[in-house]
Amino acid sequence: MKPKVFIAKPIPKEVENYIAQYCDYKIWKNQEPIPMDVLLKEVADVEGLMTPKGIITREFLEKAPRLKIVSNIAVGYDAFDIHAMKEQGVLGTHTPYVLDESVADLAFGLILSASRRITEFNNMVKGGKWDKSIRETYFYGQDVHHATLGIIGMGRIGEKIARRAALGFEMKVLYNSIRRKPVLEEKYGIHYSELNPLLESADFVLLMLPLNNSTYHFFGEEQFNRMKSNAIFINCSRGQVVDETALIAALKEGKIYGAGLDVFEVEPVDKENPLLKMDNVVVLPHIGSATEQTRFDMAMKAAENLVACVTGRVPENVVQELKCLVK
Ligand code: 8YV
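Let me sum up the structure you'll find in this document.

Rules of the game
- Residues numbered from 1 in each chain as written.
- Predicted model: local features only at pLDDT ≥ 70, side-chain atom pairs only at ≥ 80, totals over all residues.
- Heavy atoms only, no water.
- Salt bridge = Lys/Arg side-chain N within 4 Å of Asp/Glu carboxyl O.
- Helix = DSSP H or I, 4+ residues; strand = E, 2+ residues; numbered from the N terminus.
- Buried < 20%, exposed > 50% of the residue type's maximum accessible area, 1.4 Å probe, protein only.

Counted by the stated rule, this structure contains 19 salt bridges. Asp-45 serves as the salt-bridge partner of Lys-4, at 2.7 Å between the closest nitrogen and oxygen. Here Lys-4 is found in strand 1 (residues 4-7), whereas its partner Asp-45 is found in the loop between helix 2 (36-42) and strand 3 (48-51), with 41 residues between them in sequence. With a relative accessible area of 32%, Lys-4 lands in the partly exposed category. Between Arg-117 and Glu-120 there is a salt bridge; the shortest N-O distance is 3.0 Å. Overall, the relative accessible area of 13% leaves Arg-117 in the buried class. Accessibility expressed as a relative area gives 15% for Glu-120, which makes it buried.

Following this line, the structure appears as structure tokens:
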């Protein structure tokens with residue numbers, strides 16, 4: 001008999017076919033997220049669950065007593081209750097590597113849009129407001145090439161951003177990270193920096209940190225106060241790593257030049273959020289990994305992790321904190 005699994009979002013047919021070879025599966029095919037009561041019924045007797053950033057709590061696990069694996073279709077696994085999963089012996093996997101380049105591309109989209117005011121002027125031109133009376137200096141933005149980029153968090157995605165910055169835009173790249181990366185320093189000519197000097201000298205400050213207990217509101221008033229007044233803040237990791245109230249205040253008070261944001265404390269962002277009214281803020285609906293190819297690769301990787309576990313193998317991408325369950 002094949003192991004039973006549940007897939008909590010629509011996935012490409014090819015990925016579904018792969019799962020079908022090994023598992024007895026059910027799938028949520030609607031575009032809107034699956035309601036929790038429906039999900040709880042579906043997981044009552046399955047061994048595997050594949051989900052997009054599904055919130056996995058202790059109560060959830062208690063209602064899924066046969067569950068062996070939660071295969072997250074995302075790299076960030078902040079929605080996992082790691083302690084509860086460890087206690088219940090439920091593996092958690094994620095989808096690293098396959099989205100790194102796409103997120104790095106988007107980070108540069110934000111850097112360029114915020115500094116050269118691309119979305120602001122796009123709206124102006126399309127709104128029929130480009131006319132000869134506008135003085136030339138009104139269009140001035142900030143240079144990206146040869147500027148200083150400060151990256152906070154030098155993981156897999158941080159590295160891809162650093163490569164683009166150093167080799168493509170010839171930027172000076174500073175980074176702050178729990179671990180120093182001498183190989184990357186050598187390879188791309190990037191420099192490790194303590195946090196405060198990085199904040200004080202960077203023209204762009206880019207956050208690339210995972211969300212966990214030690215990074216929640218890691219970036220707040222004190223950090224914005226240290227940034228240069230012509231510096232731009234970029235976040236395409238998790239909204240809750242930043243104290244959004246402090247970000248709004250920093251922008252309102254002109255403490256920083258602008259921001260490029262793919263993520264927010266609450267998503268979808270509240271329609272009344274003041275950030276949406278600011279011309280010097282570029283906002284996106286959390287699309288870092290949203291290309292057809294990358295989302296396909298994420299779904300396939302999540303499927304491989306799921307199948308490996310329910311067929312008695314060790315999945316490739318068990319999250320760091322749960323690796324103890326497979327050693
Ligand atoms: C989203 C991401 O999760 O992988 C992550 O951690 O933030 C994104 O790739 C993805 O949009 C969820 O489907």
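A word on unusual backbone geometry. The residue after Glu-267, namely Pro-268, is reached through a cis peptide bond having omega -5 degrees. If you check the backbone angles, Arg-117 has positive phi at about 55 degrees while not being a glycine. Following the sequence through the fold, Arg-117 ends up in the loop between helix 5 (100-115) and helix 6 (118-126). Residues other than glycine seldom take positive phi values, yet His-286 does so here, at roughly 50 degrees. Mapping His-286 onto the fold places it in the loop between strand 12 (281-283) and helix 12 (292-310).

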